[in-house]
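Structural overview for review
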Amino acid sequence: MIANRTFTMIKPDAVENGHIGGILDKITSAGFKIVAMKYTQLSTRDAEEFYAVHKERPFYGELVEFMSRGPIVAAILEKDNAVEDFRALIGATNPAEAAEGTIRKLYATSIGENAVHGSDSDENAAIEGAFHFAGREVF
Ligand code: ATP
Ligand code: MG
């Protein structure tokens, strides 16, 4: 994946709460182009693998259970400076600390159930995009 792309998931809490449309509107209104997208559900193993970097953290079990409990929307987004700009659009991990107008401020309910994922580097964006999408699913 090239440097102007990032990877996102609309997490199970936001799907359950009916926020897919609202979140996609925030994303496209901010100038991100959707180059891949699917409605899917992570298995326990998928979630363990996706968040393996957090394996030693006390919240890992809770995180894996949460991320696999229902459907998600996974997408690859394109924009100049995609990774950094998307992290700014979603806001801080803890919605209580997220800036006004950010997706997490609007839609997240807690530090664990925080509505969206955004890649934290170009390298991870490429790894995470490839985790979810075959080359022919990316446009
Ligand atoms: P993400 O990687 O999902 O975009 P992030 O980069 O803002 O989120 P990370 O530190 O990578 O935050 O944590 C990954 C996810 O683990 C968080 O989004 C959240 O769902 C969960 N998490 C992080 N810290 C906690 C915590 N203290 N308690 C419960 N869950 C947490
Ligand atoms: Mg992260």
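Preceding this paragraph is the structure being described.
Residues numbered from 1 in each chain as written. Chains lettered and ligands numbered in written order. Predicted model: local features only at pLDDT ≥ 70, side-chain atom pairs only at ≥ 80, totals over all residues. Heavy atoms only, no water.

We now examine the nonpolar core. As a rule of thumb, nonpolar side chains are buried together in soluble globular proteins. Counting residues in hydrophobic clusters, the biggest one holds 18 residues, and the most contacted among them are Ile-10, Ile-23, Ile-27, Phe-32, Phe-86 and Ile-103. Elements with a minimum of two residues in this core: α1 (12–16), α2 (20–29), β3 (72–78), α5 (82–90) and α6 (103–107). Ranked by residue count, the leading element in this core is α5, at 4 residues. If we ignore the near neighbours within four places in the chain, the residues touching Ile-23 are Ile-10, Ala-14, Ile-103, Tyr-107, Ala-115 and Val-116. Membership of the second largest hydrophobic core comes to 17 residues, among which are Leu-42, Ala-74, Ile-76 and Phe-133. (Core = buried A, V, L, I, M, F, W, Y, C linked by side-chain atoms within 4.5 Å. Buried < 20%, exposed > 50% of the residue type's maximum accessible area, 1.4 Å probe, protein only. Helix = DSSP H or I, 4+ residues; strand = E, 2+ residues; numbered from the N terminus. Contact = heavy atoms within 4.5 Å.)

Moving on, we get to the pattern of salt bridges. Within this structure, the stated rule accounts for 6 salt bridges. Close ionic contact of Glu-16 with Arg-69 constitutes a salt bridge, the shortest N to O distance being 2.8 Å. Here Arg-69 lies in the loop between α4 (60–67) and β3 and Glu-16 lies in helix α1, a separation of 53 residues in the sequence. Take Glu-16: its relative accessible area is 47%, and that puts it in the partly exposed class. Its salt-bridge partner being Lys-105, residue Glu-100 comes within 3.8 Å of it at the nearest N-O pair. A residue is classified by how much of its surface remains accessible, and Glu-100, at 68% relative accessible area, is exposed. In the salt-bridge network here, residues are joined through shared partners; they are Glu-16, Arg-69 and Glu-113. (Salt bridge = Lys/Arg side-chain N within 4 Å of Asp/Glu carboxyl O.)

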